[in-house]
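Listed here are the chains, written in short residue letters.
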Amino acid sequence: MASSTRSRVIQLYKNMLFLGRDYPKGYEYFRNRAKESFMKHKDVKDSHELEILLIKGQYIIKELEALYMLKKYRTLKKRYYSEQ
């Protein structure tokens, strides 16, 4: 694995752990699942397959951000608008 790919993987892992702080099932659950996933793919050497895995990781990050935005929107909606 080239050093640039390695740094991208490490940065992806750090970003995921940062976003995992607000995960609904808790940080410990999220961290364990992320670690399992990264360890499962630790022996991948093919650059094409690594790129695919990095793209999937970026997709997961976007999905987490969308989940958190939806949670924030629903909270604000409950706070300012009464149920009808």
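These figures come from a predicted structure and were not determined experimentally. (Residues numbered from 1 in each chain as written. Predicted model: local features only at pLDDT ≥ 70, side-chain atom pairs only at ≥ 80, totals over all residues. Heavy atoms only, no water.)

> Would you mind going over the overall build of the protein with me for this structure?
Counting its regular elements, the protein contains three helices and zero strands. Counting from the amino terminus, the protein carries its helices and strands in the arrangement α-α-α. Over its C-alpha atoms the protein spans a radius of gyration of 16 Å, topping by over 25% the 12 Å that the globule rule assigns to 84 residues. In terms of overall dimensions, the protein has a C-alpha envelope of 55 × 25 × 15 Å along the principal axes. (Helix = DSSP H or I, 4+ residues; strand = E, 2+ residues; numbered from the N terminus. Rg over C-alpha atoms; globule rule 2.2 N^0.38 Å.)

> What is the right way to look at the pattern of salt bridges in this model?
It is possible for side chains bearing opposite charge to pair when their charged atoms get close. In total, this model carries two salt bridges according to the counting rule given. Of the charged contacts in the structure, one is a salt bridge between Arg31 and Glu28, with a shortest N-O distance of 2.8 Å. Placement of the pair is Arg31 and Glu28 together in helix α2 (residues 27-40), with a separation of three residues, close to one helical turn. (Salt bridge = Lys/Arg side-chain N within 4 Å of Asp/Glu carboxyl O.)

> Would you take a moment to explain the packing of helix α1 (residues 3-19) against α2 for this structure?
When two helices pack together, their arrangement is given by the angle between their axes and by how far apart the axes lie. One way to put it is that α1 packs onto α2 with a least axis distance of 10 Å and a crossing angle of 160°. By the criterion of interaxial angle, the relationship of α1 to α2 is roughly antiparallel. The two elements α1 and α2 cross, and the hand of that crossing is right-handed. For the pair formed by α1 and α2, the contact residues are Val9, Leu12, Tyr13, Met16 and Leu17 on the first element and Tyr27, Phe30, Arg31, Ala34, Lys35 and Phe38 on the second. Here the contact of α1 with α2 is built from residues that sort into nine nonpolar, no polar and two charged. (Axes fitted to C-alpha atoms, helices over the stretch in contact; angles between N-to-C directions. Parallel < 35°, antiparallel > 145°, perpendicular 65-115°, else oblique. Left-handed = near helix turned anticlockwise from the far one by under 90°. Contact = heavy atoms within 4.5 Å. Nonpolar A, V, L, I, M, F, W, Y, C, P; charged D, E, K, R; others polar.)

> Please clarify how helix α3 (residues 47-80) should be interpreted in this entry.
The periodicity of an α-helix, 3.6 residues per turn, causes residues three or four positions apart to be oriented the same way. With 34 residues, α3 extends 50 Å between its outermost C-alpha atoms, agreeing within 8% with the 50 Å of an ideal straight helix rising 1.5 Å per residue. Listed in full, the buried residues belonging to α3 are Leu50, Leu54, Gly57, Ile61, Leu64 and Tyr68. On the buried face of α3, the contacting elements are α1 and α2. (Expected span 1.5 Å × (residues − 1). Buried < 20%, exposed > 50% of the residue type's maximum accessible area, 1.4 Å probe, protein only.)

> Before we go on, may I ask you to explain the UniProt feature "domain: Complex 1 LYR protein" (unreviewed entry) in the protein in this structure?
In the numbering used here, UniProt assigns the feature "domain: Complex 1 LYR protein" (unreviewed entry) to residues 8-58. Taken end to end, residues 8-58 is 75% helix and 0% strand, and its first and last C-alpha atoms sit 11 Å apart. (UniProt positions renumbered as here; feature names shortened; annotations may be inferred.)

> Explain the environment of Lys72 to me, please; I cannot follow it from the model alone.
Note on placement: Lys72 falls in helix α3. The exposed category is assigned to Lys72, whose relative accessible area is 52%. As for Lys72 and Arg21, which are separated by 51 residues in sequence, their C-alpha atoms are 15 Å apart.

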